[in-house]
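What the coordinates show
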Amino acid sequence: MEHADFRGQKPVGRHVRSEPMLEITGVERRFSATHAVQGVSLTVWPGEVTCLLGPSGCGKSTTLRMIAGIEQLDAGEIRIDGRPVADARRNVPPEMRPVGMVFQDLALFPHMTVAANVGFGLSRARQGSGEVRHLLERVGLAHHADKYPHQLSGGEQQRIALVRALATQPRVMLLDEPFSSLDQRLRVEMRELALDLLREAGTAVVLVTHDSDEAMMMADRIAIMHGGRIRQEGTPLELYQQPVDLAVAGFFSELNVFDGSVAQDRIKTPIGDLAGTGMANGTAVQIAFRPEHLKVRRLAQAVVQGNSHPHVLRVQNLGRENFVEVKLPGQPDHLRCSAPGFTDLMPGDRVEIGFDPSTAMIFAH
Ligand SMILES: Nc1ncnc2c1ncn2[C@@H]1O[C@H](COP(=O)(O)OP(=O)(O)OP(=O)(O)O)[C@@H](O)[C@H]1O
């Protein structure tokens with residue numbers, strides 16, 4: 001079998017290149033009865049981060065493993081830097097692909113020093129060239145060069161794993177839940193550091209995560225996977241603002257969902273009507289609101305009449321943000337509303353709910 005040969009070629013920064021770095025076309029993978037990946041296509045450009053987001057078992061890791069060369073394709077094609085590396089007959093072995101990987105379980109070599117770990121994939125000449133030291137300096141760990149992995153903290157080990165993967169100058173970097181074992185503060189730091197290093201190197205990145213905040217923060221594009229297929233792909237904002245269905249919408253926040261139907265171009269909801277939907281009369285719909293899009297306002301005592309108003313059930317003040325749970329008269333489910341800052345709302349307060357109609361997400365059944 002003929003192998004693509006990437007050795008000795010350096011990746012090129014994102015602004016110079018006008019060709020995709022990674023092209024996945026109609027890729028399929030079956031495991032006996034399980035159709036794990038079904039017709040997945042993705043294009044990732046140099047310096048771009050694409051995130052695969054989806055529930056457990058939706059095919060994210062299998063897709064990543066096919067890019068790495070650890071898993072064979074049943075159909076479709078993968079090209080890296082314009083060269084085919086895999087299809088149903090061809091599978092360039094992992095070590096021949098210009099692909100770096102950082103997984104949740106780091107797999108640093110425990111018997112090697114930090115410097116030896118980082119230099120592992122490099123030629124002797126490059127090991128002696130000061131490159132390892134430069135990479136360690138870049139992540140602030142040059143003073144730990146002679147230590148062993150067990151002498152470092154979790155965050156420091158994660159940085160070593162990242163620069164070790166970068167040392168070989170891969171064209172494509174695969175990150176599988178790479179920061180999930182770190183605490184919140186370190187995770188934010190690591191995401192920023194990883195983004196800086198990867199963008200600087202012009203590497204195309206595929207990131208797998210369950211964490212929608214991580215996807216929103218790191219990705220240029222997000223592909224939401226479900227049942228082995230890509231349900232929707234777009235920029236983080238497109239997916240947040242214009243999800244194709246409730247399942248995609250639900251990845252980015254909790255949802256308040258009402259059933260309804262279109263009558264004379266209007267939809268009634270328990271918190272107000274939506275006009276100008278452009279949908280056919282009689283269409284059954286679900287209307288979803290994100291908690292942050294619902295505004296809760298206390299009613300003055302003078303306007304409160306009997307029990308006809310929504311009332312506050314619970315208030316959670318988290319300092320930066322607060323959650324208010326509201327009971328709507330005659331409705332079985334409670335509303336979840338959130339707002340930045342502090343609220344002086346109290347349980348029992350009678351309130352009105354407001355919203356900007358453009359934030360309502362309407363899905364036809
Ligand atoms: N080697 C295998 N043999 C049999 N079935 C497999 C194998 N690898 C994966 N699967 C199945 O393929 C489907 C997709 O698995 P995959 O690991 O890609 O999902 P995932 O989205 O990465 O899940 P998670 O988020 O839990 O890691 C699952 O139903 C899984 O059980």
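To be clear, the structure that these remarks concern was listed above.
Quick summary incoming for the structure in this document. Owing to the predicted nature of the structure, the values given are computational and were not obtained by experimental measurement. (Residues numbered from 1 in each chain as written. Predicted model: local features only at pLDDT ≥ 70, side-chain atom pairs only at ≥ 80, totals over all residues. Heavy atoms only, no water.)

1. As for the sheet that holds strand β10 (residues 229-234)
The strand order across the open sheet formed by six strands is β6-β7-β8-β3-β9-β10, and the pairing between neighbours is mixed. Here the strands that pair on one side only, and so sit at the sheet edges, are β6 (99-103) and β10. Between one strand and the next, the sheet's axes are offset by a mean angle of 20°, whatever the strand orientation. As defined by bridge partners, strand β9 (residues 221-226) adjoins β10 across five bridges and the pair is classed as antiparallel. Residue I222 lies in a different strand from β10, and its bridge partner there is G234. Those strands touched by helix α1 (residues 60-68) are β3 (49-53), β6, β7 (172-176), β8 (204-209) and β9, and its axis lies near 150° from that of β7. Relative to the sheet, helix α5 (residues 154-167) contacts β6 and β7, its axis offset from that of β6 by approximately 170°. (Pairing = 2+ DSSP bridges. Helix = DSSP H or I, 4+ residues; strand = E, 2+ residues; numbered from the N terminus. Axes fitted to C-alpha atoms, helices over the stretch in contact; angles between N-to-C directions. Contact = heavy atoms within 4.5 Å.)

2. Focus: the sheet that holds strand β5 (residues 83-87)
Strand order in this open sheet of four strands is β2-β1-β4-β5, and the pairing throughout is antiparallel. With one partner strand each, in any of the chains shown, β2 (34-44) and β5 form the two edges of the open sheet. Adjacent strand axes in the sheet meet at a mean angle of 25°, parallel and antiparallel pairs treated alike. By the bridge criterion, four bridges tie strand β4 (residues 75-80) to β5 in an arrangement that is antiparallel. Bridge assignment links E77 to a residue of β5, and that residue is D87. Along the sheet, α1 makes contact with β1 (22-31), β2 and β4, crossing β1 at roughly 120°.

3. Thoughts on the nonpolar core
Core analysis: the largest hydrophobic core is formed by 45 residues, its most contacted members being V118, L136, I160, M173, I222 and F252. Once residues within four sequence positions are removed from consideration, L136 is found in contact with V114, A115, V118, L141, A142, A145 and I160. Residues L22, V85, A86 and V206 belong to the second largest nonpolar core, which totals 29 residues. (Core = buried A, V, L, I, M, F, W, Y, C linked by side-chain atoms within 4.5 Å. Buried < 20%, exposed > 50% of the residue type's maximum accessible area, 1.4 Å probe, protein only.)

4. So, unusual backbone geometry
We note that Q169 has phi near 55°; this positive angle belongs to a residue other than glycine. With respect to the helices, strands and loops of the structure, Q169 is situated in the loop between α5 and β7. When its relative accessible area of 27% is taken as the criterion, Q169 is described as partly exposed. A positive phi angle is found at D265, which is not glycine, with a value near 65°. Topologically, D265 is positioned in the loop between β11 (256-263) and β12 (266-269).

5. Brief notes about the side chain of R187
With respect to the helices and strands, R187 occurs in helix α6 (residues 184-201). No salt bridge is formed by the buried R187; its nearest oppositely charged neighbour, D211, is found at 4.0 Å. Contact partners of R187, with chain neighbours within four places excluded, come to F179, S180, L182, D211 and E214. (Lys, Arg positive; Asp, Glu negative; His and termini not counted. Salt bridge = Lys/Arg side-chain N within 4 Å of Asp/Glu carboxyl O.)

6. Re the pairing of strand β20 (residues 361-364)
Only one face of β20 is covered, namely the face carrying M361 and F363; the face carrying I362 and A364 is uncovered. Alignment of strand β14 (residues 284-289) against β20, held across four bridges, turns out to be antiparallel. Its bridge partner being in β20, Q286 is matched across the sheet by F363.

7. Considerations on the environment of V44
One can find V44 in strand β2. Residue classification places V44 among the buried residues on the basis of a relative accessible area of 0%. C-alpha of V44 to C-alpha of V139: the two residues are 95 residues apart in sequence and 25 Å apart in space. If we ignore the near neighbours within four places in the chain, the residues touching V44 are P20, M21, L22, T50, A204, V205 and V206.

8. Quick look at the pattern of salt bridges
Taken as a whole, this structure holds 21 salt bridges when the rule is applied. D273 is the salt-bridge partner of R266, the closest N and O atoms lying 3.9 Å from each other. Linked through salt bridges whose partners overlap, the residues forming this network are R29, R65, E71 and D74.

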